[in-house]
Amino acid sequence: MKKGPKLIIKNLSLSFEESIIRKISLDVNEGEIVSIIGPSGCGKSTLFNVISGILKQDDGVIKIDGLEEKQRQGKFGYMFQEPLLFPWLKVLDNIMLGFEIKGLEKNQVKIEALDLLKKFNLFEYSNFYPNNLSGGMKQKVALLRTIAFNSNILLLDEPFGSLDAITRSSLHLYLLEIWKKLKLSIIFTTHDIREAIFLSDRVYVLSKKPANVVDCIKINLPRPRKIADLTSPKFVEMEKKLMSLL
Ligand SMILES: Nc1ncnc2c1ncn2[C@@H]1O[C@H](COP(=O)(O)OP(=O)(O)OP(=O)(O)O)[C@@H](O)[C@H]1O
Ligand SMILES: [Mg+2]
């Protein structure tokens, strides 16, 4: 029997004084990377706050593994748009915190944190404070801490938005390596069409506020993705298509 999507969102709506999210439906399959692109201020971060249970929707249903989940706090690994590493904690302690909040047993926390740092090439930075790391390195640590907390489904809100193009490109490869090794399911928001295409299996395009799904494009590029893909005719064609939708 075919397994259903990992995450199903149906007719999600939320208003503050005005309507912000209007009847958004989307789904994410197990092991899939799905991007959400949309104009600044359209409601992407708000959508993540609703999905993760920080905000409560006015309407709509969210299902994880086929079951409706009304209490969703702690069920996602959520990397916020604003960097949230604690500057007074070393890299290792920042990662340990993820496992601690998750509720892992005390003596297991350090073992798991060191293991994660080793597995994804950050072990040598264990004793650095975040302020002594480059911007790209900080985002790598923040990503690992998010995974330490919960790797069931990751919500990554413009995680590379503040980085220069070269660093960003190396972080893309880093994320794809983690995704492949840990078989993650990921939703990712970005303004950057090329980033969305390069990383994703599918890209949802949102309208301006109130956010609504305009279209969903399947990215038919083979994996593993390579930097050379960025200039392939297929890539450029999808870029044009997405640009016309925004
Ligand atoms: N707590 C709140 N109360 C009232 N309005 C809010 C609240 N949070 C967000 N908004 C409004 O919701 C809209 C969407 O904001 P949101 O941060 O979700 O956009 P975004 O798509 O993530 O933007 P960006 O791409 O710049 O990060 C904005 O108009 C914002 O002012
Ligand atoms: Mg945002």
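In every chain, residue numbers begin from 1 and rise along the written sequence. Following the order in which they are written, the chains are lettered starting with A and the ligands numbered starting with 1. For a predicted model such as this one, the threshold for reporting local features is a pLDDT of at least 70, and the threshold for listing and counting side-chain atom pairs is 80 or more; totals across whole chains, interfaces and linings nevertheless cover every residue.

The name an unreviewed UniProt entry gives the chain is Nitrate ABC transporter ATP-binding protein.

Caption draft 1: Representation of the site of ligand 1. Every residue lining ligand 1 is accounted for by Phe 16, Ile 20, Gly 38, Ser 40, Gly 41, Cys 42, Gly 43, Lys 44, Ser 45, Thr 46, Gln 81 and Lys 209. By definition, any uninterrupted DSSP run of H or I lasting at least four residues is a helix, any uninterrupted run of E lasting at least two residues is a strand, and each is numbered from the N terminus. Counting residues per element, the shell around ligand 1 draws most heavily on helix 1 (residues 44-51), at 3 residues. When residues are grouped by polarity, Ala, Val, Leu, Ile, Met, Phe, Trp, Tyr, Cys and Pro land in nonpolar, Asp, Glu, Lys and Arg in charged, and all others, Gly among them, in polar. Of the residues assigned to the shell around ligand 1, the class counts are 3 nonpolar, 7 polar and 2 charged. Each residue gets a C-beta atom placed from its backbone. Should that atom fall within 6 Å of a molecule or strand, the residue is termed near it.

Caption draft 2: View of the domain arrangement of the chain. Note that the domain bounds reflect an automated or database-derived domain assignment. Considered domain by domain, the chain is made up of domain 1 (1-76 + 152-246) and domain 2 (83-150). Relative to domain 2, the C-alpha centre of domain 1 lies at a distance of 24 Å. Two residues qualify as a contact pair if the distance between their C-beta atoms, derived from the backbone, is within 7 Å. Between domain 1 and domain 2, the residue contacts involve 16 residues of the former and 9 residues of the latter. Residue contributions to the side of domain 1 that touches domain 2 peak at 7 residues, all from helix 5 (residues 165-182). Split by residue class, the side of domain 1 that touches domain 2 holds 10 nonpolar, 5 polar and 1 charged.

Caption draft 3: Examining helix 5 more closely. Taking 1.5 Å of rise per residue, the 18 residues of helix 5 would be expected to cover 26 Å, and the 26 Å separating its terminal C-alpha atoms lies within 8% of that figure. Residues of helix 5 that are buried include every one of Leu 171, Leu 175 and Ile 178, and no others. Along the long axis of helix 5, the arc covered by the buried residues comes to 65°, so they all point the same way. Facing away from the buried side of helix 5 by over 90 degrees, the exposed positions are Ala 165, Ile 166, Lys 180 and Lys 181. On its buried face, helix 5 is in contact with helix 4 (135-149) and helix 6 (193-199). In the segment just after helix 5, Lys 183 is the residue with positive phi, at about 50°. Expected span of a helix: the number of residues minus one, times 1.5 Å. With C-beta atoms placed from the backbone, a residue is labelled by how many other C-beta atoms lie within 10 Å of its own: buried for 20 or more, exposed for 12 or fewer, partly exposed between the two. Comment: arc refers to directions from the helix axis out to C-beta atoms.

Caption draft 4: Focus on the nonpolar core. One finds Ile 95, Ala 113, Leu 144 and Leu 155 to be the most contacted residues of the largest nonpolar core, which totals 63 residues. Among the elements that make up this core, the one with the highest residue count is helix 4 (7 residues). A domain split of this core shows at least three residues from each of domain 1 (1-76 + 152-246) and domain 2 (83-150). Aside from chain neighbours lying at most four places away, what touches Ile 95 is Ala 113, Leu 116, Leu 117, Val 141, Leu 144, Arg 145 and Ala 148. As used here, a nonpolar core is made of buried Ala, Val, Leu, Ile, Met, Phe, Trp, Tyr and Cys residues. They are joined through C-beta atoms within 7 Å.

Caption draft 5: Highlighting the sheet that holds strand 6 (residues 77-79). Pairing between two strands requires that DSSP report at least two bridges joining them. The 6 strands are arranged 6-7-8-3-9-10 in an open sheet whose pairing can be described as mixed. Each having just a single partner strand, strand 6 and strand 10 (213-218) make up the two edges of the open sheet. Strand after strand, the sheet turns through a mean of 15° between neighbouring axes, direction not considered. Relative to strand 9 (residues 202-206), strand 3 (residues 33-37) runs parallel, the two sharing 4 bridges. Its bridge partner lying in strand 9, Val 34 is registered against Arg 202. Against the sheet, helix 7 (residues 233-245) makes contact with strand 3, strand 9 and strand 10, and its axis sits at roughly 175° relative to strand 10, the strand it touches most. Note on geometry: axes are lines fitted to C-alpha atoms, helical ones only across the stretch in contact, with angles between N-to-C directions running from 0 to 180 degrees.

Caption draft 6: Geometry of the pairing of strand 3. Counting buried positions along strand 3 yields 5 of 5 residues, so the element is predominantly enclosed. Side chains of strand 3 alternate between two faces, with Ile 33, Ser 35 and Ile 37 and Val 34 and Ile 36 buried alike. For strand 3 and strand 8 (residues 186-190), the ladder comprises 5 bridges, and the chain directions are parallel. When the sheet's bridge partners are listed, Ser 35 is paired in strand 8 with Phe 188.

Caption draft 7: Structural detail: the sheet that holds strand 1 (residues 7-15). Reading across from one edge, 2-1-4-5 is the order of the 4 strands in this open sheet, with antiparallel pairing throughout. For this open sheet the edge positions go to strand 2 (19-28) and strand 5 (67-68), each flanked by a neighbour on one side alone. Both strand 4 (residues 59-64) and strand 5 contribute to a ladder of 2 bridges, which runs antiparallel. Along strand 5, the bridge assignment pairs Ile 64 with Leu 67. Along the sheet face, helix 1 touches strand 1, strand 2 and strand 4 and points at about 65° away from the line of strand 2.

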